[in-house]
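Inside the fold
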Amino acid sequence: MKILKRSVLITIVFMVMCGLVYPALITGIGQLFFHKQANGSMITVDGKEVGSALLGQNFSSDKYFHGRVSSVNYNTYTASDTKPDKNGKVAYSGVGSGSQNLAPSNKALKERVQKDIQDFLKSHPGVKKEDIGVDLLTSSGSGLDPDISPESAKIQIPAVSKASGITETDLQKIVEKYTEGRTLGVLGEPRVNVLKANLEIALLLKSK
């Protein structure tokens, strides 16, 4: 009985320590010292949350910068996801993160990339095929990447300027403003947060 009581007591202690005290402590530290990060790095405009700095969004208007291809439509449902089947039921496929994992030799991937190249060249006159950044034609491993390279942002400036009426000089400043360097100076590559840059564009358009 002594061994049983001791075992039950130890179990209760560890349940309280590991299941309640430790999570509460870590949550408290996160909320106190890293409040914004702990709550998803949300971006707020006029008191309304418009997105997360960590997650990309799909921008279809020519007035804004476009981000990377997303195999999961940036974790949102598409119109086809909401169409009922032959039985009248809507079977949501479920949103999430991930990539298509298609090999470079895959025919579907080649066709999609070729189409994207043609569409980009059509909407960005003067741009050469070899100047299109790889990140604009490929998806990330999660399909939620919020960033593109500075080069991929700059190549879009003339087209965005023409559609939005914002000068190329102002757009260049926006790209430079939201360009982040390598993490700790050595990890990753310089990158531009598309959502932050587009919110700046939205503010300029609103002020016109």
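Scope of this entry: the structure provided in the associated data block.

Cut-offs applied
- Residues numbered from 1 in each chain as written.
- Predicted model: local features only at pLDDT ≥ 70, side-chain atom pairs only at ≥ 80, totals over all residues.
- Heavy atoms only, no water.
- Helix = DSSP H or I, 4+ residues; strand = E, 2+ residues; numbered from the N terminus.
- Rg over C-alpha atoms; globule rule 2.2 N^0.38 Å.
- Buried < 20%, exposed > 50% of the residue type's maximum accessible area, 1.4 Å probe, protein only.
- Contact = heavy atoms within 4.5 Å.
- 1 Å grid on protein atoms, 1.4 Å probe; cavity = no way out; pocket = protein on both sides within 12 Å on 5 of 7 lines; lining within 4 Å.
- Points joined across faces, edges and corners; volume = space filled by probe spheres on them.
- Nonpolar A, V, L, I, M, F, W, Y, C, P; charged D, E, K, R; others polar.
- Phe/Tyr/Trp six-rings, centres within 6.5 Å; stacked < 30°, edge-to-face > 60°.
- Pairing = 2+ DSSP bridges.
- Axes fitted to C-alpha atoms, helices over the stretch in contact; angles between N-to-C directions.
- Patch = residues over 30% accessible without salt bridge, like charges linked within 9 Å, V, L, I, M, F, W, Y side chains within 5 Å.
- Areas by Shrake-Rupley, 256 points an atom, 1.4 Å probe, with all protein chains shown as cover.
- Salt bridge = Lys/Arg side-chain N within 4 Å of Asp/Glu carboxyl O.
- Left-handed = near helix turned anticlockwise from the far one by under 90°.
- Parallel < 35°, antiparallel > 145°, perpendicular 65-115°, else oblique.

**Comments concerning the overall build of the protein**
- A count of helical and extended segments in the protein gives seven helices and five strands.
- Helices and strands appear in the protein in the N-to-C order α-α-β-β-α-β-α-α-α-β-β-α.
- Since a compact globule built from 208 residues should have a radius of gyration of about 17 Å, the 23 Å found for the protein marks it as more spread out than a globular shape.
- Over its C-alpha atoms, taken along the principal directions, the protein stretches across nearly 85 × 45 × 35 Å.
- Buried positions account for 27% of the 208 residues belonging to the protein.
- At a minimum sequence separation of 6, the contacts of the protein that also span at least 24 residues come to 56%.

**A closer look at the layout of surface pockets**
- The volume enclosed by the largest pocket comes to roughly 1000 Å³.
- Lining the largest pocket are 42 residues, with His66, Gly67, Val69, Asp116 and Leu136 sitting closest to its centre.
- Secondary structure elements with two or more residues in the lining of the largest pocket: helix 3 (107-123) and helix 5 (157-164).
- Around the second largest pocket sit Lys36, Ser41, Ile43, Ala53, Leu54, Pro146, Asp147, Glu180, Arg191, Asn193 and Lys196, which together line it.
- A class-by-class count of the residues in the lining of the second largest pocket yields four nonpolar, two polar and five charged.

**Let's talk about the packing of aromatic side chains**
- For the coordinates displayed, the defined rule picks out one aromatic pair.
- A ring pair is formed by phenylalanine 59 and tyrosine 64, whose centres lie 6.1 Å apart and whose planes are at 40°; its orientation type is tilted.
- Classification of phenylalanine 59 as buried rests on a relative accessible area of 18%.

**Section: the sheet that holds strand 4 (residues 179-180)**
- Reading across from one edge, 3-5-4 is the order of the three strands in this open sheet, with antiparallel pairing throughout. In the strand order of this sheet, the two ends are held by strand 3 (147-148) and strand 4, each with one partner.
- Note: strand 3 against strand 5 (residues 191-193), two bridges, orientation antiparallel. Paired with aspartate 147 across the strands is asparagine 193, a residue of strand 5.
- Where helix 7 (residues 194-207) meets the sheet, it contacts strand 3, strand 4 and strand 5, and its direction lies at approximately 50° from that of strand 5.

**Comments concerning the pairing of strand 1 (residues 42-45)**
- Here strand 1 pairs with strand 2 (residues 48-52) via four bridges, running antiparallel. Across the sheet, valine 45 pairs through a bridge with lysine 48, a residue of strand 2.
- Hairpin connection between strand 1 and strand 2: a loop of two residues separates the two successive antiparallel strands, and aspartate 46 in this loop has a positive phi of roughly 55°.

**Overview of a nonpolar patch on the surface**
- A grouping of Met1, Leu4, Val8, Leu9, Ile10, Ile12, Val13, Phe14, Val16, Met17, Leu20 and Val21 is seen on the molecular surface, where their side chains present a nonpolar patch of about 1100 Å² in accessible area.
- The residue phenylalanine 14 is located in helix 1 (residues 2-33) in this model.
- A residue is classified by how much of its surface remains accessible, and phenylalanine 14, at 52% relative accessible area, is exposed.

**Some details on the packing of helix 6 (residues 168-177) against helix 7**
- At a closest axis distance of 9 Å, the pairing of helix 6 and helix 7 adopts a crossing angle of 145°. With respect to the hand of their crossing, helix 6 and helix 7 are arranged in right-handed fashion. The segment helix 6 lies against helix 7, with Leu171, Ile174 and Lys177 engaging Ala197, Glu200, Ile201 and Leu204.
- Grouping the amino acids of the contact of helix 6 with helix 7 by side-chain chemistry returns five nonpolar, no polar and two charged.

**Quick notes on the packing of helix 5 against helix 6**
- At a minimum axis distance of 9 Å, the contact between helix 5 and helix 6 shows a crossing angle of 125°. If you check the angle between helix 5 and helix 6, you find them oblique. The interaxial crossing formed by helix 5 with helix 6 has right-handed handedness. Residue-level inspection shows Ile157, Pro158, Val160 and Ser161 of helix 5 in contact with helix 6, the latter providing Glu168, Leu171, Gln172 and Val175.
- For the contact of helix 5 with helix 6, the class distribution of residues is five nonpolar, two polar and one charged.

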